[in-house]
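Structural overview
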Amino acid sequence: MQIGITLPNSHLFQPKEVKLKCNGFPLNASVNGQSVNLKTLSPSTEMTKKHIANLEKLLQKTNPVDSNPVIQQSCNNRSTLENKRRNLLEGLNLANIWPDEMRKAAEEMSPRHLNRLKRLLSSKSIEFSPRNNLASRWKEYHGSNNWLGLLDPLDENLRRELVRYGEFIQAAYHCFHSDPATSAEEVLPERHVALPDRSYKVTKSLYATSSIGLPKWVDDVAPDLGWMTQRSSWIGYVAVCEDRNEIRRMGRRDVVIALRGTATCLEWAENFRDLLVEQNVGDDCAAGAVQSKVECGFLSLYKTSDDHRVPSLAESVVNEVQRLIEQYKGEPLSITITGHSLGAALALLVADDLSTCVPNAPPVAVFSFGGPRVGNRGFADRLNDNNVKVLRIVNNQDVITRVPGMFVSEELDKKLRESGAARVLDMLDCRMPWAYSHVGTEFRVDTKMSPFLKPNADVACCHDLEAYLHLVDGFTASNCPFRPNAKRSLVRLLNEQRSNFKRLYTSKGKSLTINLDREHNFSTSSCLPSPSS
């Protein structure tokens, strides 16, 4: 953006006649070899006086300029010169002499903010945050101490790990939407997944199958949407870290299980089957313990197979993890399960199975984004007893995290139990079909803290995975504003949630993203998010 400014009596600043030197204060000028004080000159307008005063104040804060030019400059010197020029323009306070409309525009979006927005809208950002060595503390970041002292304020290393695991889920979404159909004759054992972290390799594709189905005439009416009514759908993958440098950085070989959220009609139908059912019929409970129960629909998607054509999600993931444990026997291993929405619910069922069915299972941790409640208090106690560590990332405005269930919240439940109503609540947990309870440690973010999103953003935006990653990337502490040096690209979020962006950033972002597309020659809709610190 170029702005032309015409100052009155501009002949006072002709470079051929006047040379400015910073020889002490006030501002002095040399004309034909004689020193002249510019304050003794008679400006024709008050604006010129104000301009000279601002210029004098600015030069008082800068170092004297060397009169000998430097012919060759390094990149650092050029950067320093650019910063001085930027400070010079800001110090002149030129916005005060603009018309009202231009001054208002400058206040809304300064060049500094435009540059920051342009950087955030670039999905090929050149600012990569270093990955610190986690070898000595990897168990702490994996939840051994329930992330005590790492969440508020948010530890920088943990922030990066959370965003990185969220990007594994983004890859699952991208792979499914690229090829949502599942062949009726044969299921390809593996799919190509564009992983955001090249140090990992996909070893197993995972499918979820619904126990219910739609009439055949639905496919006849809409054959092009057959994938919406298919019983079995690709839902995620298992990946293992194979890069030696990354293994040394993390202190162990990490196995990731990434699961996407709801995408098909039958998956939505299963979500609404929200009655609690026994997780394993016939299991004996300890005296005084609450029977473990989970949502009927989630359990159906997890346990159902498709007539031996597609194994159940439970069978696939347990067998693959057992194979990897045997393959890398003797090495330090960790199992990280990450999911969004429906994937977050299934992640808890996977974690429960691995902690109980896999002998000598390595440490199991779950990082869930926007997950609903999955089971009752008995299920939560079961996971805790099996030493499964769960970190739930929750958006204050996300209603999905408050369902299913019809009784009190976890906070009120705790207060009631402390007040002596534990026996009554235990009875409800055992007998009522909607007595749900959340699991694990909660990490809460807030849409209203984002400077880019509208505070009244709709339900879809508040539950969107990219919005979650945006909020995690900008979170510093619960009592602090959005992180000013957040590096995550806004391209995907702007494309998917444009109506929920503040109008100022929508209008500016539209022109900037168009320019970036032409400059980098890439499609913003298909690119993966940039790394974040």
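Preceding block: the structure.
Residues numbered from 1 in each chain as written. Predicted model: local features only at pLDDT ≥ 70, side-chain atom pairs only at ≥ 80, totals over all residues. Heavy atoms only, no water.

What follows covers the sheet that holds strand 9 (residues 333–340). What the seven strands build is an open sheet, ordered 4-5-6-9-10-11-12; its pairing is mixed. Taken across any chain shown, the strands that pair with only one partner, and hence form the sheet edges, are strand 4 (200–209) and strand 12 (441–445). This sheet shows a mean twist of 20 degrees between the axes of neighbouring strands, independent of strand direction. In this structure, strand 11 (residues 389–395) lies alongside strand 12, joined through five bridges in parallel fashion. Of the residues in strand 12, the one forming a bridge with R392 is E442. Most of the contacts of helix 13 (residues 342–357) go to strand 9, to which it runs at about 150 degrees, and overall it touches strand 5 (232–241), strand 6 (253–259), strand 9, strand 10 (364–369) and strand 11. (Pairing = 2+ DSSP bridges. Helix = DSSP H or I, 4+ residues; strand = E, 2+ residues; numbered from the N terminus. Axes fitted to C-alpha atoms, helices over the stretch in contact; angles between N-to-C directions. Contact = heavy atoms within 4.5 Å.)

According to the stated counting rule, one finds eight aromatic pairs in the structure shown. Relative to Y468, the ring of F369 has its centre 6.5 Å away and its plane inclined at 85 degrees; by these criteria the two rings are edge-to-face. Placement of the pair is F369 in strand 10 and Y468 in helix 18 (residues 465–474), with a sequence separation of 99 residues. The exposure classification of F369 matches that of Y468, with both residues buried. (Phe/Tyr/Trp six-rings, centres within 6.5 Å; stacked < 30°, edge-to-face > 60°. Buried < 20%, exposed > 50% of the residue type's maximum accessible area, 1.4 Å probe, protein only.)

Glancing now at helix 11 (residues 296–303). Counting buried residues in helix 11 gives seven out of eight residues, a clear majority hidden from the surface. Packing partners of the buried residues in helix 11 comprise strand 4, helix 10 (265–271), strand 7 (276–278), strand 8 (293–295), helix 12 (313–327) and helix 13. Among the residues of helix 11, the N-terminal cap falls to E295, whose side-chain oxygen and the backbone nitrogen of G297 are separated by 3.3 Å. (Polar contact = N/O pair within 3.5 Å; in protein donor to acceptor, adjacent residues only side chain to side chain.)

Further remarks concern the nonpolar core. Core analysis: the largest hydrophobic core is formed by 47 residues, its most contacted members being Y237 and F443. Here this core takes 11 residues from helix 6 (residues 156–178), the largest share from any one element. With residues near it in sequence (within four places) discarded, Y237 still touches F168, A171, A172, V193, L195, V202, K204, S205, L206, V256, I257 and A258. (Core = buried A, V, L, I, M, F, W, Y, C linked by side-chain atoms within 4.5 Å.)

With that out of the way, let us pick up the packing of helix 6 against helix 18. As a packed pair, helix 6 and helix 18 sit with axes 10 Å apart at the nearest point and diverge in direction by 165 degrees. What the angle tells us is that helix 6 and helix 18 run roughly antiparallel. As for how helix 6 packs across helix 18, the hand of that crossing is left-handed. Contact residues: helix 6 offers R159, L162, V163, G166, E167, I169, Q170 and Y173, while helix 18 offers L465, E466, L469, V472 and D473. Here the residues of the contact of helix 6 with helix 18 sort into seven nonpolar, two polar and four charged. (Parallel < 35°, antiparallel > 145°, perpendicular 65-115°, else oblique. Left-handed = near helix turned anticlockwise from the far one by under 90°. Nonpolar A, V, L, I, M, F, W, Y, C, P; charged D, E, K, R; others polar.)

Of note, the amide linkage connecting D152 to P153 takes the cis form, showing an omega dihedral of 5 degrees. When you line up the elements, P153 lands in the loop between helix 5 (138–141) and helix 6. Going from V403 to P404, the amide bond is cis rather than trans, its omega being -10 degrees. The topology assignment puts P404 in the loop between strand 11 and helix 15 (410–418). The phi angle at N360 is positive, at roughly 50 degrees, despite the residue not being glycine. Considering the arrangement of structural elements, one finds N360 in the loop between helix 13 and strand 10. N360 gets classed as exposed once you look at its relative accessible area, which sits at 75%.

Let us now look at the pattern of salt bridges. This model, assessed by the stated rule, comprises 20 salt bridges. E161 serves as the salt-bridge partner of R164, at 2.7 Å between the closest nitrogen and oxygen. Of the two residues, R164 and E161 both sit in helix 6, three residues apart, roughly one turn of that helix. The same class applies to R164 as to E161, namely buried. Salt bridges here are not isolated pairs; linked through shared partners, they connect E161, R164, D197, E246 and R249. (Salt bridge = Lys/Arg side-chain N within 4 Å of Asp/Glu carboxyl O.)

The next thing to look at is the pairing of strand 4. The buried fraction of strand 4 amounts to eight of the 10 residues, a majority that puts the element mostly inside the structure. In terms of strand pairing, strand 4 meets strand 5 through nine bridges, oriented antiparallel. The residue of strand 5 that forms the bridge with K201 is V240.

Before going further, it helps to examine the environment of Y436. Inspection of the secondary structure assignment puts Y436 in the loop between helix 16 (422–431) and strand 12. Spatially, the C-alpha atom of Y436 lies 8.8 Å from that of E295, the residues being 141 residues apart in sequence. There is a polar contact of 2.5 Å between the side chain of Y436 and the backbone oxygen of D274.

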